Amino acid sequence: MATNAYRPTDLAGKVVIVTGSTKGLGRAMAQGFAECGAKVVVSSRKQDLCEQVAKEMAAETGADVRAIAG
């Protein structure tokens, strides 16, 4: 029986780098990866914004989230 129910993937032990991840779709994707257990690198042009988003995301998800401007 087919279902359309969302089933999160276990990404424990994986590292995901999301560019443009301080706003919009990039941030939502980074958040989703963090919620699935991945270690996430938040990346954008401004280091201070990357650090702010990484801190918020880590607090919300409990994931290991790093900030690297690029």
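Read on for an overview of the structure. All chains use their own residue numbering, which begins from 1 and follows the written sequence. Whole-chain, interface and lining totals are the exception, using all residues; otherwise, since this is a predicted model, local features are given only for residues with pLDDT of at least 70 and side-chain atom pairs are given and counted only at 80 or more. Side-chain measures here rest on the full set of heavy atoms in the structure, leaving out hydrogens and waters.

Details of the overall build of the chain
Along the backbone of the chain there are 2 helices and 3 strands. The helix and strand sequence of the chain, counted from the amino end, reads β-α-β-α-β. Each principal axis of the C-alpha atoms in the chain carries an extent, and together these give about 50 × 20 × 20 Å. Note on classification: 1.4 Å probe, protein chains only; a residue is buried when its accessible area is under 20% of the maximum for its type, exposed when over 50%, partly exposed between these limits. For the chain, buried positions account for 31% of its 70 residues. Within the chain, contacts between residues separated by at least 24 positions form 56% of all contacts whose residues are at least 6 apart in sequence. Each charge class in the chain can be summarised by its mean position, and for the 9 positive and 7 negative side chains these summaries are 5 Å apart. In DSSP terms, a helix is any run of H or I states spanning at least four residues, a strand is any run of E spanning at least two, and both are numbered starting from the N terminus. We call two residues in contact when some of their heavy atoms are within 4.5 Å. When charges are counted, Lys and Arg are positive and Asp and Glu negative, with His and the chain ends excluded. For charged residues, the charge sits on one atom: NZ in Lys, CZ in Arg, CG in Asp, CD in Glu.

Digging into the sheet that holds strand S2 (residues 39-43)
Read from one edge of the open sheet, 3 strands run S1-S2-S3, paired in parallel fashion. In this open sheet, the two edge strands, each paired with only one partner strand, are strand S1 (15-19) and strand S3 (65-67). For this sheet, the mean angle separating the axes of adjacent strands, direction not counted, is 20°. Strand pairing follows a simple DSSP-based rule, namely that at least 2 bridges must link the two strands. Of the strand pairs in this sheet, S2 and S3 are connected by 3 bridges, and their pairing is parallel. Each bridged residue has a counterpart across the sheet, and for Val41 the counterpart in S3 is Arg66. Axis definition: a line fitted to C-alpha atoms, over the contacting stretch in the case of helices. Angles run 0 to 180 degrees between N-to-C directions. Across the sheet, helix H1 (residues 24-35) lies against S1 and S2, angled at about 170° from S1, the strand it touches most. Strand contacts of helix H2 (residues 47-61): S2 and S3, with the helix running at about 170° to S3, the strand carrying the most contacts.

Nothing here speaks to function; it is geometry throughout.
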